[in-house]
Amino acid sequence: MSAQLALDVRNLSVSFPMRGRDADGRRRRLLAVDDVSFSVARGKTLGIVGESGSGKTTAAMAVARLVPKMAGSIIIDGTDFGALDTEALRRARQRVQIIFQDPYSSLNPRLRAADIVREPLIYAGATSRTEQDRIIDELFEAVGLRPEQKALFPHQFSGGQRQRIGIARALSTRPSLIICDEPVSALDVAVQAQILNLLKSLQAQFGLTYLFISHDLGVVQHMCDDIAVMYMGQFMEYANRESFFAAPRHPYSEALLDAVPTIEVGAQATGGKLVDGAIPDLTKPQTGCRFASRCPHVAAGCEDSVPLLDVWPGTSDHQLACYRAAEFAAS
Amino acid sequence: MAKTRTDAPLLDVRNLSVQFTTRAGTVTVLDDISFTLERGERISFVGESGCGKSMTALALMGLLPAMGRVSGGQILFKGEDLTQASAARLRRLRGNEVSMIFQEPMTSLNPVFTIGQQIVEVLRLHRGIDNASARRRALELLEAVRIPNASARIDDYPHQLSGGQRQRVMIAIALACEPEILIADEPTTALDVTVQAEIFALLRDLGTKLDTAIILITHDMGAVAQMSERMLVMYAGRRVEEGRVADVVGAPAHPYTRGLIACVPHITSNVAAITEQLPEIDGIVPPITRFGRDECLFAPRCIRVADGCLAAKPQQVEMAGHDAHSVACWHPFASEGAKG
Ligand SMILES: Nc1ncnc2c1ncn2[C@@H]1O[C@H](COP(=O)(O)OP(=O)(O)OP(=O)(O)O)[C@@H](O)[C@H]1O
Ligand SMILES: Nc1ncnc2c1ncn2[C@@H]1O[C@H](COP(=O)(O)OP(=O)(O)OP(=O)(O)O)[C@@H](O)[C@H]1O
Ligand SMILES: [Mg+2]
Ligand SMILES: [Mg+2]
């Protein structure tokens, strides 16, 4: 693929060992991510949305090699990141950084703010102490923290300020990819806007590439160039922002969008359209569409085989995995 | 929805103030809060974290933390001043006439009893009915909150249910005694949007059917617009704006309200109209030790701040052109042509 891709993930699967064995005596495993492919061009943002438990974090952690993948390839800036082993991996790790959801638990409480930002620089090796200090000063300014705050401990900061420290830390090694896992979900609305604006302006300033995970469609719409809708380990729909929000085509995407309360008075969010069906058990092999049990458009055949992501006719890159979409789009 | 009723409102909170006594001294957590609630009406409290939304609810329920006390004002429930009620009276009130559901359903349900047992217990305690009829009623309630296959699920333990189902059980318990007021404190924060939409629809339906008044506490303006007729915006322990949702959301008068609405990225099908940067409200809520001062507490964050904002606390004034829309601000936006 072109060198413009910061991240290119092909056929990624991740499973977790569970207690117990299946009928054939094999160790039971939960298939949290099942054959998912995605890519992000340099300087762009891919958003992954979906309900709790859909596998968003697992997919991202597999990209960062913080959980082992079962299958698939992970190419970062043209290098096969997924294939690196110990020593090479240790050096390459600095190229992927993560901003976590919880600014309270993700920072080491015993380190001063400056040293939290310094840590990844030390792991990356090479730089001198004075060089590190220079980088830290720059980062503090870039994320809107004052120089005298370098000496403070995490508990002396507000939630939004802690998230700024987390962002400075993530930026410190000039990574090829920054994974933002629900970076504003734990923050108050006003602070949320401050942090989203910061992430956007840093992206413009440094050409950052984000893999942005959120369950908030409003935030994803604001932040992302491309959107992947994930449900129970698979992508249901994957499209660029314009195409997706102009016409979301998968019944699950539709349900998600319908459920978001809008500020239009009297416009009632539905979501009630969903069938109250059982959510699939990911420790068992899936024989059909994972969403079929809750899908208002379910029909014969949906549960017989797994629908694959396919480009929607008339678009260049709007993909969806649904047997029924063509039918109800026509009606 | 002009009020034509002449009788007293179901709930009439007048100039309620609550103070905390801490080692650092006395702080004013709630400062002169007033509002009314009619039978079957739905009101939302919004504001950032720490502004006193939950504390207002706890004051109504007589559940203030030990260091807190009502330092002024009245809470008139059908004419009875709850600030003067005995502990025994407040215990009877809770669960009977006023009940509350909390943010985290798992911590509010007892893990060692089945959901059926927990509903039966509430019914027996408050309604004094026998086991068999309580169980029959429990089943009806689980069906009313749309637990699928309720007769099979009634003997499940809380951990066997999904988060959304647990929250529905909490609603069933809260509604068991057909309260006149239901307080829902961030009832969907931990849930997925699709589940949230179901819970809101359920609360609306049941509220209407039982004529239950609902107080929704939230920081989500979308939830406010979906759920209630009126809203009250709180900042640093004070009521800064109140009115019908259509009026307040359509033409917010207080710069804080306007900021709260604008700083959230709302979904639009017109992607081209999305701006790169969101309008921000600078800064954060002041520490509780600053609450209660005779000044506008929002002034340091305000885009309209001017001389005089810190000189005194702004009083609540009615907005021209709107019915029952009031704001506490020295420089509010006008209600006419306020958009933009
Ligand atoms: N370490 C683990 N061991 C076993 N199962 C796991 C582990 N981590 C995640 N899972 C399971 O994998 C599935 C996907 O979880 P994941 O955390 O990726 O979801 P998510 O989409 O990030 O959800 P959320 O929005 O709640 O963060 C879930 O069923 C979860 O229970
Ligand atoms: N038990 C307590 N002890 C000391 N201070 C408290 C206690 N509970 C609340 N407070 C303080 O009282 C103020 C009002 O808190 P309250 O819980 O009402 O806020 P809220 O508007 O409900 O916020 P949130 O959106 O975070 O729930 C806050 O400044 C909070 O720090
Ligand atoms: Mg996650
Ligand atoms: Mg609260």
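Scope of this entry: the structure provided in the associated data block.

1. Brief notes about the side chain of Gln149(A)
Residues and elements named next belong to chain A.
Point 1. Residue position: Gln149 is located in the loop between helix H4 (129-142) and helix H5 (159-171).
Point 2. In this structure Gln149 comes out as buried when scored by relative accessible area, which is 6%.
Point 3. Beyond its immediate chain neighbours, meaning those up to four positions away, Gln149 contacts Ala113, Phe140, Phe157 and Gln161.

2. A few points about the sheet that holds strand S9 (residues 226-231) of chain A
Point 1. With mixed pairing, eight strands are arranged side by side in an open sheet as S6-S7-S8-S3-S9-S10-S12-S11 (chain A). Each of the sheet's edge strands pairs with one partner strand only, and the pair in question is strand S6 (96-99) and strand S11 (310-311) of chain A.

3. Describing the packing of aromatic side chains
Point 1. Using the criterion set out here, one finds ten aromatic pairs over all chains in the structure.
Point 2. Here the aromatic cluster, defined as three or more aromatic residues joined through ring pairs, consists of Phe38(A), Phe235(A) and Tyr238(A).
Point 3. For Arg258(B), the ring lying beneath its charged end belongs to Phe333(B), and the centroid distance is 3.6 Å.
Point 4. The side chain of Arg304(B) reaches across the aromatic face of Phe333(B), ending 3.9 Å from its centre.

4. A word on the site of ligand 2
All names here are of chain B.
Point 1. Neighbouring ligand 2 are 13 residues; Ser49, Gly50, Lys53, Ser54 and Met55 lie closest to it.
Point 2. Here an oxygen atom of ligand 2 and a side-chain polar atom of Ser49 are 2.4 Å apart.
Point 3. At a separation of 2.8 Å, an oxygen atom of ligand 2 approaches a polar backbone atom of Gly50.
Point 4. For ligand 2, the accessible surface in isolation is 630 Å², of which the surrounding protein chains cover 64%.
Point 5. Residue contributions to the shell around ligand 2 peak at three residues, all from helix H1 (residues 53-61).

5. Quick word on H1(B)
Residue and element names in this part refer to chain B.
Point 1. Of all nine residues making up H1, eight are buried, and the element is well covered by its neighbours.
Point 2. Where H1 is concerned, the buried positions are Lys53, Met55, Thr56, Ala57, Leu58, Ala59, Leu60 and Met61.
Point 3. Among the residues trailing H1, Gly62 stands out with phi positive, at a value near 70°.

6. Side note on the pattern of salt bridges
Point 1. Counted according to the given criterion, the structure contains 34 salt bridges over all chains.
Point 2. Arg146(A) serves as the salt-bridge partner of Glu148(A), at 2.8 Å between the closest nitrogen and oxygen.
Point 3. Among the salt bridges present, the one from Arg137(B) reaches Glu178(B), with a minimum N-O distance of 3.5 Å. With Arg137(B) in helix H5 (residues 131-144) and Glu178(B) in the loop between helix H7 (163-175) and strand S7 (181-185), this pair connects stretches of sequence that are 41 residues apart.
Point 4. Take Glu178(B): its relative accessible area is 42%, and that puts it in the partly exposed class.

7. Describing the interface of chain A and chain B
It is common to give the size of an interface as the accessible area that goes away when the parts come together.
Point 1. Taken together, the contact pairs 42 residues of chain A with 44 residues of chain B.
Point 2. Linking chain A to chain B there are one salt bridge.
Point 3. One salt bridge in this structure joins Lys200(A) and Glu276(B), with 3.6 Å as the shortest N-O distance.
Point 4. For the side of chain A that touches chain B, the secondary structure elements donating two or more residues are helix H6 (189-206), helix H7 (217-223), helix H8 (241-246) and helix H9 (251-259) of chain A.
Point 5. Tallying contributions element by element places H6(A) first for the side of chain A that touches chain B, with ten residues.
Point 6. Across the side of chain A that touches chain B, the residue classes tally to 20 nonpolar, 14 polar and eight charged.

8. A look at the site of ligand 1
Residue and element names in this part refer to chain A.
Point 1. Looking at ligand 1, the residues that line it are Phe16, Leu30, Ala32, Glu51, Ser52, Gly53, Ser54, Gly55, Lys56, Thr57 and Thr58.
Point 2. Here Gly55 contributes a backbone N or O atom positioned 2.9 Å from an oxygen atom of ligand 1.
Point 3. For ligand 1, an oxygen atom lies 2.7 Å from a polar atom in the side chain of Thr57.
Point 4. In isolation ligand 1 exposes 640 Å². Once the protein is present, 60% of that is buried.

9. Observations concerning the nonpolar core
Point 1. One finds Leu11(B), Phe35(B), Ile181(B), Ile183(B) and Ile215(B) to be the most contacted residues of the largest nonpolar core, which totals 127 residues.
Point 2. When residues of this core are assigned to their parent elements, the largest contribution, nine residues, is made by H6(A).
Point 3. If sequence neighbours within four positions are ignored, Ile181(B) has contacts with Leu10(B), Leu11(B), Leu37(B), Phe77(B), Glu97(B), Val98(B), Ser99(B), Thr212(B), Ala213(B) and Ile215(B).
Point 4. With 38 residues, the next largest nonpolar core counts Ile101(B), Ile119(B), Val195(B) and Leu206(B) among its residues.

How each quantity is defined
- Residues numbered from 1 in each chain as written.
- Chains lettered and ligands numbered in written order.
- Predicted model: local features only at pLDDT ≥ 70, side-chain atom pairs only at ≥ 80, totals over all residues.
- Heavy atoms only, no water.
- Helix = DSSP H or I, 4+ residues; strand = E, 2+ residues; numbered from the N terminus.
- Buried < 20%, exposed > 50% of the residue type's maximum accessible area, 1.4 Å probe, protein only.
- Contact = heavy atoms within 4.5 Å.
- Pairing = 2+ DSSP bridges.
- Phe/Tyr/Trp six-rings, centres within 6.5 Å; stacked < 30°, edge-to-face > 60°.
- Lys NZ or Arg CZ within 6 Å of the ring centre and 35° of its normal.
- Near = heavy atom within 4 Å.
- Polar contact = N/O pair within 3.5 Å; in protein donor to acceptor, adjacent residues only side chain to side chain.
- Areas by Shrake-Rupley, 256 points an atom, 1.4 Å probe, with all protein chains shown as cover.
- Salt bridge = Lys/Arg side-chain N within 4 Å of Asp/Glu carboxyl O.
- Nonpolar A, V, L, I, M, F, W, Y, C, P; charged D, E, K, R; others polar.
- Core = buried A, V, L, I, M, F, W, Y, C linked by side-chain atoms within 4.5 Å.

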